[in-house]
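What follows is each chain in one-letter form.
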Amino acid sequence: MKPFFSSLVLIIFLSLLRASTAAPLALDLGQGLAYHRAHTLPGDLPSASPAKPRPLVLDLRYATGDANAGTALAASLKFHAAPRSPIFLLANAATGPAIRSAFAARDDAAGLVVLGVASAGFTPDIDLPVDPAEERRAYDALENGTALAALIAPPLEKPRYDEAKLVAERLPARAPTPDPEPVVPAPSAPPPLIDAVLQRAVHLHRALLALKRIPSP
């Protein structure tokens, strides 16, 4: 094999290796809500709960795992999830079957809420009408540096009124003068990318806080 192709094969192999061993993401969603994204189970499961457990968004979308993954996840959920410190578990059809089996027969009163896009073999507690391709784009955006806050609550575009428009609105109507050239409307900006599944989990947490169903941080 020529040196160039040997180097190319090595680069591809290392890239795939890094992708398959991506570290879990642990972030803060504010108001006492933590976020944990696992890629491979059981190794990426959250560590033991601290002295004061807190609500958690556990993102298992696209996560993979061997036969031991389901057993380890079931034990972790039983240890962590509680009515006063619930787990909002995000999953989808691409979540490994061994992982999905761990919460397929969940107890409704155990402090666990499963959110996602329903499909054959996967029935969440809260089904969201999200296009799978759009969900994947939003999921990857966080890995590629998009701020978590932007994916949950993107900024709203507000209309801008400059001085010329304000003056024009106060002038009496008159016959329009022809434009020397046709006005070409500016292309509209694409809608902001939203992780709707994660967004719903955050909204649920905030609602439980407002109803005092879970303690304030």
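Quick summary incoming for the structure in this document. (Residues numbered from 1 in each chain as written. Predicted model: local features only at pLDDT ≥ 70, side-chain atom pairs only at ≥ 80, totals over all residues. Heavy atoms only, no water.)

Side note on the sheet that holds strand β2 (residues 33-37)
Two pairing modes exist for strands in a sheet, parallel and antiparallel, and in both the strands are linked by backbone hydrogen bonds.
Move 1: Strand order in the open sheet made by the six strands is β1-β2-β4-β6-β7-β8, with mixed pairing throughout. Every other strand in the sheet has two partners, leaving β1 (25-30) and β8 (126-127) as the edge strands with one partner each.
Move 2: The sheet contact formed by strand β4 (residues 56-59) and strand β6 (residues 87-90) spans four bridges and is parallel. Pairing of L56 across the sheet is with I87, part of β6.
Move 3: Sheet strands touched by helix α2 (residues 67-80): β4, β6 and β7 (112-116). Its angle to β6, the strand with the most contacts, is close to 150°.
Move 4: The strands touched by helix α7 (residues 196-210) within the sheet are β1, β2, β4, β6, β7 and β8, with β6 carrying the most contacts at an inclination of about 170°. (Pairing = 2+ DSSP bridges. Helix = DSSP H or I, 4+ residues; strand = E, 2+ residues; numbered from the N terminus. Contact = heavy atoms within 4.5 Å. Axes fitted to C-alpha atoms, helices over the stretch in contact; angles between N-to-C directions.)

Here we look at the pattern of salt bridges
Move 1: Evaluation of the coordinates by the stated rule reveals nine salt bridges.
Move 2: Ionic pairing is found between R54 and D28, a salt bridge with its closest N-O pair at 3.5 Å. Of this pair, R54 sits in the loop between β3 (40-41) and β4 while D28 sits in strand β1, and the two are 26 residues apart along the sequence.
Move 3: Note on R54: relative accessible area 40%, which makes it partly exposed.
Move 4: Residue D28 is classed as exposed on the basis of its relative accessible area of 55%.
Move 5: As a salt-bridge pair, R106 and D125 come within 3.1 Å of each other at their nearest N and O atoms. Of the two residues, R106 sits in the loop between α3 (97-100) and β7 while D125 sits in the loop between β7 and β8, which places them 19 residues apart along the sequence. (Salt bridge = Lys/Arg side-chain N within 4 Å of Asp/Glu carboxyl O. Buried < 20%, exposed > 50% of the residue type's maximum accessible area, 1.4 Å probe, protein only.)

Side note on the nonpolar core
Move 1: Among the nonpolar cores identified, the biggest contains 21 residues, and L29, V57, L90 and L198 are the most heavily contacted of them.
Move 2: Elements with a contribution of two residues or more to this core: β2, β6, α4 (132-143), α5 (148-152) and α7.
Move 3: Sorting elements by how many residues they give to this core places α7 first, with four residues.
Move 4: Residue contacts for L29: discarding those within four places in its chain leaves A34, Y35, V57, L148, I152, L198, V202 and R206.
Move 5: If you look at the next biggest cluster of nonpolar residues, it comprises 20 residues, including L41, L45, L58 and I99. (Core = buried A, V, L, I, M, F, W, Y, C linked by side-chain atoms within 4.5 Å.)

A look at unusual backbone geometry
Most peptide bonds adopt trans geometry, and most residues besides glycine take a negative phi value.
Move 1: That bond from L41 to P42 is cis: its omega, 10°, falls within 30 degrees of zero.
Move 2: Among the secondary structure elements, P42 is positioned in the loop between β3 and β4.
Move 3: Look at Y62: it is not a glycine, yet its phi comes out positive at around 65°.
Move 4: In this structure, Y62 sits in the loop between β4 and β5 (64-65).

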